[in-house]
Amino acid sequence: MDKVITLTGAFKNAGDYLIGHRARALLAAHVNAEVIDVNRREITDESYELFNSARAVLLTGGPAYQEEIYPKVYGIDLSRINVPVMAYGLGWKGKLGQQPQDFRFSPAATNFVQAIHADQNRFSSARDHLTVSMLAANGVSNVQMTGCPAWYDESKLEQDYVFNPDIKRLVLSMPAVPQKQIPAIIRKLSKDFPRAERFISFQAGMRSAHPYWGQKYTEWNHKQLAYGRKHGFTPLDFESDFNAFQLFMSTVDFHVGYRVHSHIFTLSQRKTSMLIAEDSRGMGQVAAMGGTALSSLDSKRLIKRGIDELFDTRGASVEAAVRTMQTTHPKMLEFLAQI
């Protein structure tokens, strides 16, 4: 049986595991080949033998389009691979307010990105429109917006969103770095949903891995945890634990917070969610689904108003996002058909 390789990088963040899980599920359902996953940090000489025995190597998921996608994200030697290397659901990571047309890769990364797009008979899969625009500004045109693989729980694909005002369980997903709105959001959720079970989730763990401010951010996380406890919130740590993340997120009625894949998972289950974007990843996902994103630069008053509007409109933005996921799914299948 033919093989297809997914090259992924899930380490601490449960959301990264979700991307790989859903990406492989799509391949298993729509590509007649054995799917083998390789950790992008564990590539050896033997890995190249595996790559070259496969039908294709898929650079899979996450905010891989960074200034140094090569060699820092994907440190692979393309000259040693003689099968197609394709981008599968990759996204752009830029700063809030940065325009995609202003972003540039390093010279080595530019060569890498252009090399994996050299075959004009194929198109690559981008997870949002901002990524498509960024690539166009960097000389890449054979790319289409397929959505993130994490969008697609195909068992629920045909299911429409139905607004549920009766929130029994809600979760606030905590940001990657300290954000000033957190105490106000905690107070508002405890006031608006006094009878609901309330949780604070740390999708990548309470212990920050920031290279410079890790200890400071970890201390901040624990302060917010204590503040949340005072307002009836139970803390959850999903570091490197996709099963716990998936099982828990399947039970919530309402998600609000900063983690893109907590938002995406909730939408894929046709539940109510509101994302507060910390960078271009969040902005890109909301824009791709059709809507205006709140951001971590917004005031706490604007964030609280966003929660009110979500419920006043009976989840209109969620309904629009679900429709987009349904209508974009065929484009993802078109991408998979190329493999």
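Residues numbered from 1 in each chain as written. Predicted model: local features only at pLDDT ≥ 70, side-chain atom pairs only at ≥ 80, totals over all residues. Heavy atoms only, no water.

Draft legend 1. Inspection of the sheet that holds strand β5 (residues 124-126) at higher detail. Ordered by their spatial adjacency, six strands build an open sheet running β2-β1-β3-β4-β5-β6, and the pairing between neighbours is parallel. Strands with a single pairing partner mark the edges of an open sheet, and in this sheet they are β2 (34-39) and β6 (143-145). Strand-to-strand, the axes of this sheet are offset by a mean angle of 25°, without reference to chain direction. Contacts from helix α1 (residues 14-30) reach β1 (3-8), β2, β3 (56-60) and β4 (85-90) within the one sheet, and its direction differs from that of β1 by about 165°. Sitting on the sheet, helix α12 (residues 316-337) is in contact with β4, β5 and β6, with an inclination near 165° to β4. (Pairing = 2+ DSSP bridges. Helix = DSSP H or I, 4+ residues; strand = E, 2+ residues; numbered from the N terminus. Axes fitted to C-alpha atoms, helices over the stretch in contact; angles between N-to-C directions. Contact = heavy atoms within 4.5 Å.)

Draft legend 2. Highlighting the packing of aromatic side chains. Using the criterion set out here, one finds 17 aromatic pairs in the structure. Where Tyr-48 meets Phe-51, the ring centres are 5.6 Å apart and the plane angle is 80°; that geometry is what we call edge-to-face. Here Tyr-48 and its partner Phe-51 are both found in helix α2 (residues 45-52), three residues apart, which amounts to about one turn of the helix. We note that Tyr-48, like Phe-51, is buried. Ring pairing ties together the aromatic residues Phe-199, Phe-238, Phe-242, Phe-245, Phe-248 and Phe-265, which thus form one cluster. Geometry around Phe-233 places Arg-198 over its ring, the cationic atom sitting 5.6 Å from the centre. The ring of Trp-213 carries Lys-216 above its face, with NZ or CZ at 5.1 Å from the centroid. (Phe/Tyr/Trp six-rings, centres within 6.5 Å; stacked < 30°, edge-to-face > 60°. Buried < 20%, exposed > 50% of the residue type's maximum accessible area, 1.4 Å probe, protein only. Lys NZ or Arg CZ within 6 Å of the ring centre and 35° of its normal.)

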